Amino acid sequence: MRVDVLVVGLGPAGGAAAAEAARLGLRVAAVERKRRVGVPVQCAEFIPLPLGRHARAQGVLLQRIAGMRSFLPSGAMTRSEFAGLMIDRAAFDQALARQARAAGAQVLLGSRLIGLDFGAQRASVLTPGGGMEIAYGALIAADGPHSAVARCLGEPPLEVVHTRQYTVPLQRPAADTDIWLSPEYPGGYGWLFPKGRLANLGVGADKRLAADLKGPLDRLHRRLMEEGRVGGGIVGRTGGAIPVGGPRARLAVGNVMFAGDAAGLAHPVSGGGIAAAVLSGERAARAAAAMGGGDHYAAAEFEQDIRDQFGAAFARAVARRRWLARRREAGAAGEDAVQRRGWIGFPEYFGR
Ligand SMILES: Cc1cc2nc3c(=O)[nH]c(=O)nc-3n(C[C@H](O)[C@H](O)[C@H](O)COP(=O)(O)OP(=O)(O)OC[C@H]3O[C@@H](n4cnc5c(N)ncnc54)[C@H](O)[C@@H]3O)c2cc1C
């Protein structure tokens, strides 16, 4: 098979990339190793309000969020305005993949990229029907935090935080997300994100410092049960890795462009990455179209564009992570003042 653009991975980055590239009239193939797009879900399912235009498909929007409550180690709480939407993440990813198909992209599910001949611009893909070679003009690597494309190119692995999450019954409706900052979650935090009668309850932490996430998650769950906020039943379990080291050193290598988590575009402090995945996927698709039109600078411009969009905010977040890690090593992670400087819900985070 020969295409203008090969998209690897059909999460938000790949779905947005495939849809945009197909809309621009390119011949697009998208390969996704899962048999059903978006399943299983590995997400707390919150998106910021500006991404709402992508949440219009039926079954995607679950509830609106008004603000965020951040709890410090002392128990003190600060509420900030932080409007967003809770989504059914599987339905969100599936809607993007449907748009890609409707625009003419060829979607190959249950199909995994297993090799890359960079010089010849050919990818080896293992499909349910057997091995397949795909020749491409441009390749968009949207294959998540452990990108196989990056591995094939010898690009270094990304620094990640690990997470564990339960979906639990919510005893009364809530309009805010809750965040817990504590030495119990080194390099991460605890969260409760309401979605109607259910909520996503999770913890994330640096695996080198917190090998066991089940203990802290079960303790948070028990505490919220005792407070009468959530039920004891667990209706879903998930988890996964989130890149937290900021953008990759190289976002474009020849005709290969990285988007979303594969590019390291999840926010290094909040871990949110859906919005950046969609945006970078769309931008990579436009760059692929420009490349096809003979623009030799398109990949470099894509890289610059993404760094312009996210560079400053992510650099601050990485610096805050490093600072928090040093304070943690000094035994100060239990101090409210330290956590305030390390979390986006407080003005100190944005100070000097
Ligand atoms: C527990 C958890 C909670 C989170 N909560 C939020 C949240 O509330 N809000 C938010 O904005 N972000 C959240 N994130 C981060 C967010 O999920 C990611 O930033 C987002 O999924 C990035 O999208 P993506 O398309 O780049 O990557 P992914 O969604 O990871 O998609 C990559 C796709 O590539 C496929 N793939 C991988 N390797 C191959 C291969 N070799 N061949 C073919 N296909 C392949 C995978 O199967 C996958 O479908 C959370 C992450 C986790 C783990």
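Residues numbered from 1 in each chain as written. Predicted model: local features only at pLDDT ≥ 70, side-chain atom pairs only at ≥ 80, totals over all residues. Heavy atoms only, no water.

## As for the overall build of the protein
Okay, step 1: Across its full length, the protein carries eight helices and 16 strands.
Okay, step 2: In terms of C-alpha radius of gyration, the protein reaches 20 Å, essentially the compact-globule figure of 20 Å for 352 residues.
Okay, step 3: Based on the C-alpha atoms only, the size of the protein along its principal axes is roughly 60 × 40 × 35 Å.
Okay, step 4: In the protein, buried positions account for 55% of the 352 residues.
Okay, step 5: Counting contacts in the protein only where the partners sit at least 6 residues apart, residues at least 24 apart contribute 69% of the total. (Helix = DSSP H or I, 4+ residues; strand = E, 2+ residues; numbered from the N terminus. Rg over C-alpha atoms; globule rule 2.2 N^0.38 Å. Buried < 20%, exposed > 50% of the residue type's maximum accessible area, 1.4 Å probe, protein only. Contact = heavy atoms within 4.5 Å.)

## Focus: the site of the ligand
Okay, step 1: Neighbouring the ligand are 36 residues; E32, A44, F46, R89 and D261 lie closest to it.
Okay, step 2: In the environment of the ligand, an oxygen atom lies 2.6 Å from a nitrogen or oxygen atom belonging to the side chain of E32.
Okay, step 3: Separating an oxygen atom of the ligand from a backbone N or O atom of E45 is a distance of 3.2 Å.
Okay, step 4: Relative to its unbound accessible surface of 1,000 Å², the ligand loses 92% to contact with the protein.
Okay, step 5: The set of elements that each furnish at least two residues to the shell around the ligand consists of α1 (12-23), β2 (28-32), β7 (112-117), β14 (236-243) and α5 (274-292). (Near = heavy atom within 4 Å. Polar contact = N/O pair within 3.5 Å; in protein donor to acceptor, adjacent residues only side chain to side chain. Areas by Shrake-Rupley, 256 points an atom, 1.4 Å probe, with all protein chains shown as cover.)

## Observations regarding the pairing of strand β11 (residues 176-180)
The side chains of a regular strand alternate, residue by residue, between the two faces of the sheet.
Okay, step 1: When you tally the buried positions in β11, you get five out of five residues, the bulk of the element.
Okay, step 2: Residues D176, D178 and W180 of β11 are buried on one face, and the alternating residues T177 and I179, pointing to the opposite face, are buried as well.
Okay, step 3: Where β11 meets strand β12 (residues 190-195), three bridges bridge the pair, whose relative direction is antiparallel. Its bridge partner lying in β12, W180 is registered against G190. (Pairing = 2+ DSSP bridges.)

## Remarks on the pattern of salt bridges
Okay, step 1: Taken as a whole and assessed by the stated rule, the structure comprises 21 salt bridges.
Okay, step 2: Two residues, D178 and R69, come together in a salt bridge whose shortest N-O distance is 2.8 Å. Of the two residues, D178 is situated in strand β11 and R69 in strand β4 (residues 61-71); the sequence distance between them amounts to 109 residues.
Okay, step 3: Among the ionic contacts, a cluster of salt bridges with common partners joins E20, R23, R53, E282 and R286. (Salt bridge = Lys/Arg side-chain N within 4 Å of Asp/Glu carboxyl O.)

## What about α5?
Okay, step 1: In this model, α5 (19 residues) spans 27 Å end to end at C-alpha, consistent with the 27 Å of a helix rising 1.5 Å per residue.
Okay, step 2: Positive backbone phi, approximately 95°, marks G294, located one or two places after α5. (Expected span 1.5 Å × (residues − 1).)

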